[in-house]
Amino acid sequence: MCGIVGYVGHQSAGPILLEGLHRLEYRGYDSSGIAVLDRDGAIAVLKRQGKLRDLEAAIDVMPAGGAGIGHTRWATHGVPSDRNAHPHASSSGDVVVVQNGIVENYRSLKVELESSLLDRGQGWLSETDTEVIPELIARELDRGCSFVEALRAALGRLQGANAVAAFHRADPSRIYAARKGSAGGIVIGYGDGEMFIASDLPALLPHTTAVYHLEDGEIATIDAEGAVVDRANQPPLRPQPQRVELDPVAIARGPYRHFMLKEMYEQPRALSDTIRGRARLDPPSALADEFNLTDNQLRSVERVLVIGMGTSLHAAMIGRWWLERIAGIPADFDNASEFRFRAPVIGSSTLVVSVTQSGETIDTLGAMDQVRERWGAPQVVITNVDGSEATRKADASILLRCGPEVGVASTKTFVGSLAALYLLACRIGRARGALDETELTESLEHLLTVPSLVERGLQLSEQCSEIAKSYTSAANFLVLGRGIEHPIAMEAALKCKEISYVHAEGYAAGEMKHGPIALLDQKFPVIALATRGPLFDKMMSAIQQVSARQAPVIAIGDEGDTELAELADHYLGVPHATDLLTPFALTPVVQLLAYHIALARGLDIDQPRNLAKTVTVE
Ligand code: AGP
């Protein structure tokens, strides 16, 4: 999703802005731009559709100036184009803005502002919602407001969640940043005689680890020496920056061809970090520390609802299994964007668990708001980003500790979320008396084996690559699984869609004969997840039905399963896992298959078209 950067200080702003934008590329974008302001008030705005390399190629001479803002745009209102790219200036040319989010009432604001534009003999220069923001600010400045007052008044007119950065020609020593609602974060970075802003930490870390996260409703005035933060009806404050511990090396790609590949191989380590100290055996305890809900509170929970989007929703689906089986509690999952607009029946004894690696997905945040406002139900968030908006909304957080995930396709945060959900199920199960000490010990012992399960699955990369080459031109895949493996089938299909651009459907195998089987022929490969669990025989029947339609079968099952291997055209053997933990054995293999299909097709794996790492618009 869109990315914002900003700089003010003793260096030339342009190269720093471009470098910062490169570090935000993983968020997904389709155009980019920078605006640089020099000491004399000269403004240079440079923007281009396409990748940052297109913008850089269009810059003959880097504009001089020690202040500036930059943006990567993920199109919502108006096609990706040079003119719709940010930054956008007011019709006077004096106020320049970049924005994340959506101005939901931009149509009426455009009508309202149009007459003053026409008076100047001008019209709107883009199809974006953004353009109203500099115009609103400029109008307030004309009325004699300070820039902060003008920005606050402009934000007050906007409906929807927005984060903006701006500057004003009249004051080349300052840039401004503001947040209204949950449109992704803005982090202010403190340097030595220079200051930075960015949507995400990776853009700041080469320069500083001293940061301040701008809160909802705050406006920051930033000069080379620091920042002053204004909040409505409160005195301005100079925030104390906090030190972040993110390791810049952890966000570098290292020897790997893609971040996605690197992050897949980090999964065993990431899982160990998620589990570390939270699965104790002697005496057994799950999530004993760093978790704000007490056993008493957990005992009063009568039902658990797990929500999320995309890959996080697939984790939620598996979470339901564990909550029912391990904790013996009624549980369900829901798509956060749908949940918000139904009339769900939940009460204050329902525990709502949100899964969101970024902690900033607007659909999930919206659902969390609704849960708080309508039912006041207790909320837990499972997220990889400490300090993210979701952590502020929840009563308790389980941090994944997976390290930064740069690839748009979630990989290590998926398995991390699974581990966190499993731990939560153990904790609730123990608090409710569904697990005795021995059962808890056994459940936790099983969990402690999952880093090695994943590690061994990753050793199948070569085999996955060979199989992928046979299906480079396949237009469709059906992915089948049953029971706890059904969500993995859905996750496999999502991975195929998002990085390989191949149409894939994840289905509960029992459902296949109720419709999808009509699609099958020799050109329609089927990936079948069939470990030796309680539903193995039923999966074998489904595979027989697929083979009878001559559709090629890629079977993934237990190591050494000759019966399965004989039935399939291709077979991948994963290490044996207990039937509740097969998702960990299967996940690396389906990720590798999708990765190698995308690789064989020569696609942009880390920045797939149209996708954003963090989805901050509805
Ligand atoms: C995963 O590969 C996708 N990029 C996407 O489905 C993602 O899981 C979804 O947007 C939810 O993101 P979140 O976990 O940050 O809330």
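Since the structure is predicted, the reported quantities are computational estimates derived from the model, not experimental observations. (Residues numbered from 1 in each chain as written. Predicted model: local features only at pLDDT ≥ 70, side-chain atom pairs only at ≥ 80, totals over all residues. Heavy atoms only, no water.)

**A short note on the site of the ligand**
Right, so step 1: Taken together, 15 residues form the shell around the ligand, and within it S312, T356, S358, T361 and E498 come nearest.
Right, so step 2: At 2.8 Å from an oxygen atom of the ligand is found a main-chain nitrogen or oxygen belonging to Q357.
Right, so step 3: S358 places a side-chain nitrogen or oxygen 2.6 Å from an oxygen atom of the ligand.
Right, so step 4: When the ligand sits alone it has 410 Å² of accessible area, and the protein chains cover 93% of it.
Right, so step 5: Looking at the shell around the ligand, the elements that each hand over two or more residues are α9 (310-325) and α17 (486-500). (Near = heavy atom within 4 Å. Polar contact = N/O pair within 3.5 Å; in protein donor to acceptor, adjacent residues only side chain to side chain. Areas by Shrake-Rupley, 256 points an atom, 1.4 Å probe, with all protein chains shown as cover. Helix = DSSP H or I, 4+ residues; strand = E, 2+ residues; numbered from the N terminus.)

**Describing the domain arrangement of the protein chain**
Right, so step 1: What the domain assignment reports for the protein chain is domain 1 (3-251), domain 2 (262-448) and domain 3 (457-600).
Right, so step 2: Relative to domain 2, the C-alpha centre of domain 1 lies at a distance of 35 Å. (Domains from an automatic or database assignment.)

**Some points on the sheet that holds strand β8 (residues 175-180)**
Right, so step 1: The strand order across the open sheet formed by seven strands is β5-β6-β7-β8-β12-β13-β14, and the pairing between neighbours is antiparallel. Of all strands in the sheet, those bounded by a partner on one side alone are β5 (88-89) and β14 (234-237).
Right, so step 2: Sitting on the sheet, helix α4 (residues 132-142) touches β5, β6 (95-101) and β7 (162-168), and the angle it makes with β6 is about 135°.
Right, so step 3: Here helix α5 (residues 147-157) sits on the sheet and contacts β6, β7, β8, β12 (219-223) and β13 (226-231); the angle it forms with β8, its principal contact strand, is near 30°. (Pairing = 2+ DSSP bridges. Contact = heavy atoms within 4.5 Å. Axes fitted to C-alpha atoms, helices over the stretch in contact; angles between N-to-C directions.)

**Description of α17**
Right, so step 1: Taking 1.5 Å of rise per residue, the 15 residues of α17 would be expected to cover 21 Å, and the 21 Å separating its terminal C-alpha atoms lies within 8% of that figure.
Right, so step 2: Buried residues dominate α17, accounting for eleven of its 15 residues.
Right, so step 3: Listing the buried residues of α17 in full gives P487, I488, A489, E491, A492, A493, K495, C496, E498, I499 and S500.
Right, so step 4: Positive backbone phi, at 55°, marks Y501, one or two positions downstream of α17. (Expected span 1.5 Å × (residues − 1). Buried < 20%, exposed > 50% of the residue type's maximum accessible area, 1.4 Å probe, protein only.)

**A short note on the side chain of H168**
Right, so step 1: Summarising the element assignment, H168 is placed in strand β7.
Right, so step 2: Ignoring any residue separated from it by four or fewer positions in sequence, one finds H168 in contact with L37, D94, V95, L141 and F147.

**A short note on the environment of A493**
Right, so step 1: You can see A493 is positioned in helix α17.
Right, so step 2: Residue classification places A493 among the buried positions, given a relative accessible area of 1%.
Right, so step 3: The spacing of A493 and D54 is 439 residues in sequence and 32 Å in space, taken between C-alpha atoms.
Right, so step 4: Residues contacting A493, with those up to four places away along its chain left out, are V479, A504, E505 and G506.

**Brief notes about the pattern of salt bridges**
Right, so step 1: One pass over the structure, following the stated rule, counts 30 salt bridges.
Right, so step 2: Residues D289 and R280 are paired through a salt bridge, measuring 2.4 Å at the closest nitrogen-oxygen approach.
Right, so step 3: When the shortest N-O distance is used, the salt bridge between R372 and E373 registers 3.6 Å.
Right, so step 4: You can call E373 exposed: its relative accessible area is 59%. (Salt bridge = Lys/Arg side-chain N within 4 Å of Asp/Glu carboxyl O.)

**Details of the packing of aromatic side chains**
Right, so step 1: Under the criterion given, the structure shown has seven aromatic pairs.
Right, so step 2: Ring centres of Y471 and F477 lie 6.1 Å apart, and the angle between their planes is 65°; this geometry places the pair in the edge-to-face category.
Right, so step 3: Classification of Y471 by relative accessible area gives buried; the value is 9%.
Right, so step 4: Ring pairing ties together the aromatic residues W322, Y422 and F584, which thus form one cluster. (Phe/Tyr/Trp six-rings, centres within 6.5 Å; stacked < 30°, edge-to-face > 60°.)

**Topic: the pairing of strand β21 (residues 379-383)**
Right, so step 1: Burial runs high along β21: five of the five residues are buried.
Right, so step 2: Of the two faces of β21, the one carrying Q379, V381 and T383 and the one carrying V380 and I382 are both buried.
Right, so step 3: With four bridges connecting them, strand β20 (residues 350-355) and β21 associate as parallel partners. By the bridge assignment, V352 is partnered in β21 with Q379.
Right, so step 4: At this point the chain moves from β20, through helix α11 (residues 362-375), to the parallel β21, and the crossover so formed is right-handed.
Right, so step 5: Sheet topology note: the β21/strand β22 (residues 396-399) ladder contains four bridges and is parallel. (Right-handed = clockwise from strand over helix to strand, strands pointing away.)

**Observations concerning α5**
Right, so step 1: Of the residues making up α5, those classed as buried are F147, V148, A150, L151, A154 and L155. Taken down its axis, α5 places every buried residue within 160° of arc, on the same side.
Right, so step 2: On its buried face, α5 is in contact with β6, α4, β7, β8, β12 and β13. (Arc of directions from axis to C-beta.)

**A closer look at the nonpolar core**
Right, so step 1: The biggest cluster of nonpolar side chains holds 94 residues, and the ones touching the most others in it are V304, W322, I556 and F584.
Right, so step 2: Looking at this core, the element that brings in the most residues is helix α13 (residues 412-431), giving 13 residues.
Right, so step 3: Here this core spans two domains, since at least three of its residues come from each of domain 2 (262-448) and domain 3 (457-600).
Right, so step 4: When residues no more than four places from it in sequence are discounted, the contact partners of I556 are I527, A528, L529, A530, T531, L564, L572, V574, L586, V589, V590 and L593.
Right, so step 5: Among the nonpolar cores identified, the runner-up in size contains 26 residues, and V95, Y106, L155 and I219 belong to it. (Core = buried A, V, L, I, M, F, W, Y, C linked by side-chain atoms within 4.5 Å.)

**Describing the sheet that holds strand β25 (residues 526-530)**
Backbone-to-backbone hydrogen bonds join strands into a sheet, with any given pair of strands oriented parallel or antiparallel.
Right, so step 1: On the basis of which strands lie adjacent, the open sheet formed by five strands has the order β24-β23-β25-β26-β27 and parallel pairing. Of all strands in the sheet, those bounded by a partner on one side alone are β24 (503-508) and β27 (570-574). The mean angle between the axes of side-by-side strands here comes to 15°, regardless of whether they run parallel or antiparallel.
Right, so step 2: Judged from the five bridges that link them, β25 and strand β26 (residues 553-558) form a sheet pairing that is parallel. Bridge pairing in β26 links A530 to G557.

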